[in-house]
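Residue-level listing of the chains:
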Amino acid sequence: MVTTLVSIGLILAVISLIYTVNVGKTVNAQKGEHDHNSKTAEKHPLLLNPVLLAYVLGFGILFIFIFVLAMQFY
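Residues numbered from 1 in each chain as written. Predicted model: local features only at pLDDT ≥ 70, side-chain atom pairs only at ≥ 80, totals over all residues. Heavy atoms only, no water.

Considering the overall build of the protein
When you go through the protein residue by residue, the secondary structure sums to 3 helices and 0 strands. Counting over 74 residues, the protein shows a buried share of 7%. Accessible surface, the protein as shown: approximately 6,500 Å² in total, 73% of it carbon and sulfur. (Helix = DSSP H or I, 4+ residues; strand = E, 2+ residues; numbered from the N terminus. Buried < 20%, exposed > 50% of the residue type's maximum accessible area, 1.4 Å probe, protein only. Areas by Shrake-Rupley, 256 points an atom, 1.4 Å probe, with all protein chains shown as cover.)

The structure is reproduced here in structure tokens:
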């Protein structure tokens, strides 16, 4: 069980790292055009925050895990 949780944590960390690198490349590609917001960022500004996504996904998986355990033992 611990191995599964560690693997899920590592997968989540790798996905977050890849997403962060992609966002960094996008910001560098804008070449100083910080006043220009993309249409995606204007519609969903929180989607470009990989830390927030990691917390949401992590807690979502945690709640699902707790729910599954609760249903097994009760």
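A few points about the packing of aromatic side chains
Aromatic ring pairs are reported here in terms of the distance separating the ring centres and the angle at which the planes meet. Going through the model one piece at a time under the given rule, you end up with 2 aromatic pairs. Taking 6.3 Å as the distance between ring centres and 15 degrees as the angle between the ring planes, the aromatic pair formed by Tyr55 and Phe59 counts as stacked. Taken together, the residues Tyr55 and Phe59, both in helix α3 (residues 50-73) and 4 residues apart, mark about one turn of the helix. For Tyr55, a relative accessible area of 52% translates into the label exposed. (Phe/Tyr/Trp six-rings, centres within 6.5 Å; stacked < 30°, edge-to-face > 60°.)

A short note on the confidence of the model for the protein
For the protein, per-residue confidence averages 78 on the pLDDT scale, and residues scoring 70 or more make up 72% of the total. Looking over the protein, one finds the lowest element-wise mean pLDDT in helix α2 (residues 39-43), namely 65, and the highest in α3, namely 87. (pLDDT = per-residue confidence, 0-100.)

Notes on the environment of Pro50
Tracing the sequence through the fold places Pro50 in helix α3. As a C-alpha pair, Pro50 and Ile15 span 35 residues in sequence and 9.3 Å in three-dimensional space. For Pro50, the contacting residues outside a window of four places in its chain are Ser16, Tyr19 and Thr20. (Contact = heavy atoms within 4.5 Å.)

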